[in-house]
Amino acid sequence: MRNLIFTAVLAFAGLFALSANATEFEAGKNYTELSPSVPVSQPGKIEVVELFWYGCPHCYAFEPTINPWVEKLPADVHFVRIPAMFGGLWNIHGQLFLTLESMGVESKVHHAIFEKLHNTPKSLTTPEEMAEFVAEQGVDKDKFLSTYNSFAIKGQIEKAKKLAMAYQISGVPTMVVNGKYRFDIGSAGNPDAALELADQLIAKERAAAKAAQ
């Protein structure tokens, strides 16, 4: 009995220590509460969105931090990447991402595109140049070009633009949790803190969903 009590005390102390060590994030300072909130793409799951641009050095630097985190997300969390489109190359690269996503090969090529844009002089500015590059990664060139210029992708572009406006973003990388909370690396403090904030907001939404049940 004494051992059980001692174990319980240790467990409580451990939980207290974890709570004490957790960063205290504040609404209005570290993250913005969106009003109205933006509908999620998969109701019933907690959605985490990353808005990005392939040409953004901060997005590129964030990749080694966010990718392992995404791989470990629980089943009740749905992660979505959305390209930010502010004109020019932003739109061209956004269309590139949406094309690859529509083809189901985005995960296969995503890292290679970042490496290409940030470590070589070419910037993938035309559909033909993009098609040549993704073909080197094992993607069918002709299928890429036909998909890139399709009516369906034009619809996806408009959807991405409307979501970015609804999220009220002004830069990237920006994260949005469950259509309600928007923040970026700067407001959170650093890349690791941004994911810690995401975890806390995910837990908040999970608790709210359970309470509603």
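Residues numbered from 1 in each chain as written. Predicted model: local features only at pLDDT ≥ 70, side-chain atom pairs only at ≥ 80, totals over all residues. Heavy atoms only, no water.

An unreviewed UniProt entry lists the protein under the name Thiol:disulfide interchange protein, from Pseudomonas triclosanedens. Per UniProt, the comment on the protein under Sequence similarities (unreviewed entry) is "Belongs to the thioredoxin family. DsbA subfamily." (UniProt positions renumbered as here; feature names shortened; annotations may be inferred.)

Quick look at the overall build of the protein now. Within the protein, the secondary structure is distributed over nine helices and five strands. With the C-alpha coordinates of the protein rotated into their principal frame, the extents come out at 70 × 35 × 30 Å. Expressed as a percentage of the 213 residues in the protein, the buried residues total 41%. Restricting to contacts in the protein with at least 6 residues of sequence separation, those with at least 24 account for 71%. Side-chain charges in the protein split into 19 positive and 23 negative, and the spacing between the mean points of these groups amounts to 4 Å. (Helix = DSSP H or I, 4+ residues; strand = E, 2+ residues; numbered from the N terminus. Buried < 20%, exposed > 50% of the residue type's maximum accessible area, 1.4 Å probe, protein only. Contact = heavy atoms within 4.5 Å. Lys, Arg positive; Asp, Glu negative; His and termini not counted. Charge placed at Lys NZ, Arg CZ, Asp CG, Glu CD.)

Considering soluble globular proteins, one finds that nonpolar side chains tend to be buried as a cluster. One finds Leu51, Leu96, Ile113, Phe144 and Tyr167 to be the most contacted residues of the largest nonpolar core, which totals 42 residues. Of all the elements in the fold, those that place two or more residues in this core are β2 (46–52), β3 (77–83), α3 (89–103), α4 (106–119), α5 (127–136), α6 (141–148) and α7 (151–167). With near-sequence residues (within four places) excluded, Ile113 lies in contact with Tyr54, Leu96, Leu100, Leu124 and Phe133. (Core = buried A, V, L, I, M, F, W, Y, C linked by side-chain atoms within 4.5 Å.)

Let us look at the side chain of Gln95. Within the fold, Gln95 resides in helix α3. A polar atom in the side chain of Gln95 sits 2.7 Å from the backbone oxygen of Tyr148. Once residues lying within four places of it in the same chain are set aside, the contact partners of Gln95 are Met85, Tyr148, Ile153 and Ile157. (Polar contact = N/O pair within 3.5 Å; in protein donor to acceptor, adjacent residues only side chain to side chain.)

What follows covers α7. Between the first and last C-alpha of α7 there are 25 Å, a value that for 17 residues agrees with the 24 Å anticipated at 1.5 Å per step. All of the buried residues in α7 are Ile153, Ile157, Ala160, Leu163, Ala164 and Tyr167. Along α7, the residues classed as buried sweep out an arc of 130 degrees about the axis, all on the same side. In this structure, α7 carries Phe151, Lys154, Lys162 and Met165 as exposed residues pointing more than 90 degrees from its buried face. Close packing links the buried residues of α7 with β2, β3, α3, α6, β4 (174–177) and β5 (181–184). (Expected span 1.5 Å × (residues − 1). Arc of directions from axis to C-beta.)

With that settled, consider the packing of α5 against α6. Remark: α5 packs on α6, axes separated minimally by 9 Å, with the N-to-C direction vectors making an angle of 140 degrees. Between α5 and α6, the angle is such that the two are oblique. Crossing of α5 against α6: the hand is right-handed. Between α5 and α6, the residues in contact are Pro127, Glu128, Met130, Ala131, Glu132, Val134 and Ala135 and Lys141, Phe144, Leu145 and Tyr148, respectively. Residues that form the contact of α5 with α6 fall into these classes: eight nonpolar, no polar and three charged. (Axes fitted to C-alpha atoms, helices over the stretch in contact; angles between N-to-C directions. Parallel < 35°, antiparallel > 145°, perpendicular 65-115°, else oblique. Left-handed = near helix turned anticlockwise from the far one by under 90°. Nonpolar A, V, L, I, M, F, W, Y, C, P; charged D, E, K, R; others polar.)

Turning next to α6. Every buried residue of α6 is accounted for by Phe144, Thr147 and Tyr148. Axial view of α6: buried residues confined to an arc of 100 degrees, hence all on one face. For α6, the secondary structure elements touched by its buried residues are α3, α5 and α7. The backbone nitrogen of Asp142 lies 3.2 Å from a side-chain oxygen of the residue at the head of α6, namely Asp140.

Quick look at the sheet that holds strand β1 (residues 32–33) now. The sheet built from five strands is open, its strands ordered β1-β5-β4-β2-β3 with mixed pairing. With one partner strand each, in any of the chains shown, β1 and β3 form the two edges of the open sheet. Pairing geometry for β2 and β4, over four bridges, is antiparallel. Bridge pairing in β4 places Leu51 opposite Thr174. Helix-sheet contacts for helix α9 (residues 191–212) involve β1, β2, β3, β4 and β5, and the interaxial angle to β5 is about 170 degrees. (Pairing = 2+ DSSP bridges.)

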